[in-house]
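Listed below are the residues making up each chain.
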Amino acid sequence: MKKKWVIMFAVLTVISVLGVCWPEGEGLWEMDANVSIADVAWMITATIFVLMMTPGLSFFYGGMVGKKNVISTILQSFMAMGVVSVIWVVVGFSLAFGDDIGGVLGNPATFFMFTGVGGKTDPLLAPTIPLALYALFQMKFAIITPSLITGSFAERVKFSAYLVFMVLFSIIIYCPLAHCTWHPEGLFRQWGVVDFAGGIVVHASSGVAALAGAIFLGRRNRAIRSDAPANVPYVILGAALLWLGWFGFNAGSSLHADAMAVKAFLNTNTACATAMLTWLFFDCLRGRKASAMGAAVGAVVGLVAITPSAGYVSVGESFFIAFVTTIICNVACHWTDNSQRLDDALDVFPTHGTGGIVGTVLTGIFIQEGLKAGTTEGFYIFLYHLLAVAIVFVYTFVMSMVLYWIVNKMIPMRVSVQSERLGLDVSQHGESYNFADASTDEDEENGEMKY
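Residues numbered from 1 in each chain as written. Predicted model: local features only at pLDDT ≥ 70, side-chain atom pairs only at ≥ 80, totals over all residues. Heavy atoms only, no water.

### Brief notes about the overall build of the protein chain
Thinking step 1. The helix and strand tally for the protein chain stands at 16 helices and 2 strands.
Thinking step 2. Against the 2.2 N^0.38 benchmark of 22 Å for 451 residues, the protein chain shows a C-alpha radius of gyration of 22 Å, consistent with a compact globule.
Thinking step 3. When the backbone C-alpha atoms are referred to their principal axes, the protein chain occupies close to 65 × 60 × 35 Å.
Thinking step 4. Across the 451 residues in the protein chain, those meeting the buried criterion constitute 57%.
Thinking step 5. Contacts in the protein chain between residues at least 24 apart in sequence constitute 76% of all its contacts with a sequence separation of at least 6.
Thinking step 6. Accessible surface for the protein chain amounts to roughly 17,900 Å². Of this, 69% is attributable to carbon and sulfur atoms. (Helix = DSSP H or I, 4+ residues; strand = E, 2+ residues; numbered from the N terminus. Rg over C-alpha atoms; globule rule 2.2 N^0.38 Å. Buried < 20%, exposed > 50% of the residue type's maximum accessible area, 1.4 Å probe, protein only. Contact = heavy atoms within 4.5 Å. Areas by Shrake-Rupley, 256 points an atom, 1.4 Å probe, with all protein chains shown as cover.)

Okay, here's the thing in structure tokens:
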């Protein structure tokens, strides 16, 4: 039995026992008069939609990789629903939305083990819905963020090492960024930086961490890798689920069943459709074919681009934001594809990272609050958006590199050449998308057979 799995099981055991001993609090689930039934109904629906995005991402990524790595790629995203859900309940929500500490982090004791999180509203975080529902909604954002990173180091990362990195990323990178941006007393929030649904918290952070991961793990073995996607229909299915789930992602970020939610819904659909067409047409103008992969990737780029501003900009501005961002991301994708040094397997940084950054910069230009504030104040708001993006980029990149280094010292992150040749489905999980013989070990270099 491997020591690493013993440690992971022991940690889960401690959490489970602690859960029995930890007090929940009396009267926690008594509803108060501030609860809006309409808002509750909408936010439960939106929360379900956002969670559905992670399985959607699983298919989106799983269809893009080679046929020997479909299951492993899908599982990496799917596992985030389990790992991050536990982390979020234990300490993640506290770190992101607990009592403010210096504008950059929440007090881990505020909501530890979801203490005080129940049916009552919170005047700062959730004025018309139960705090537990707000925490669940935010949990789904925390789940999909590390899932997005997996596309950059697909086909070469060890599963156990990825699990450890996901925990550290969620605690050390995601939670502070969420606090800075979305907590009422967070640093970026105090500056007037707007991130309606996660342009920098989710997409810029995951994209930059993906860039760091691609650099740290190095290129896939050229003699082994296959760039032919295993299942293009999976990619289309995943993109469709993401498109649908994104309505909860963006429109749900209003936190109310109101006109802002409808506006975000409209802008989200408009940007997605515009970006899909822009990607296809731009590819054709450059001599490429109108591909299903291009349509799917373009649609997702549009969703990323409008995320930071969905509830604020006009529908006309959503056309422009999607159009400009898509062209930039398209060029970035083809530049990285031709790079001899960077191997971002599924173009996570050129799409999510670049899309989140460009979308945030354009948000600083177009948000109505900034424009109404006057030319001078609006210009300063734009500068604060640039500063926030720069801070997120530097912090995420440096800390991601540190975390990759730490995890690699604990568990070598990159699989062996033999594992890469076999494919991660067989070498890491003993399963095969092609129903081939799966009787091998995840660490065949140790000579242990598990199946």
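That covers the picture; the talk isn't over yet.
### Quick look at the pattern of salt bridges
Thinking step 1. In this structure the tally under the stated criterion is 4 salt bridges.
Thinking step 2. Between R288 and D283 there is a salt bridge whose closest N-O contact spans 3.2 Å.
Thinking step 3. Relative accessible area serves as the criterion here: at 27%, R288 is assigned to the partly exposed category.
Thinking step 4. Accessibility expressed as a relative area gives 4% for D283, which makes it buried.
Thinking step 5. Note that R414 and E420 form a salt bridge whose closest N and O atoms lie 3.1 Å from each other.
Thinking step 6. Overall, R414 belongs to the partly exposed group, its relative accessible area being 27%.
Thinking step 7. What emerges from the salt-bridge pattern is a single network uniting E155, R220 and D343. (Salt bridge = Lys/Arg side-chain N within 4 Å of Asp/Glu carboxyl O.)

### Structural notes on the environment of L422
Thinking step 1. Here L422 is to be found in helix α15 (residues 417-422).
Thinking step 2. You can call L422 partly exposed: its relative accessible area is 30%.

### Things to note about the environment of V313
Thinking step 1. Along the chain, the position of V313 falls in the loop between α10 (292-306) and α11 (315-337).
Thinking step 2. For the pair V313 and K263, spaced 50 residues apart in sequence, the C-alpha separation works out to 8.6 Å.

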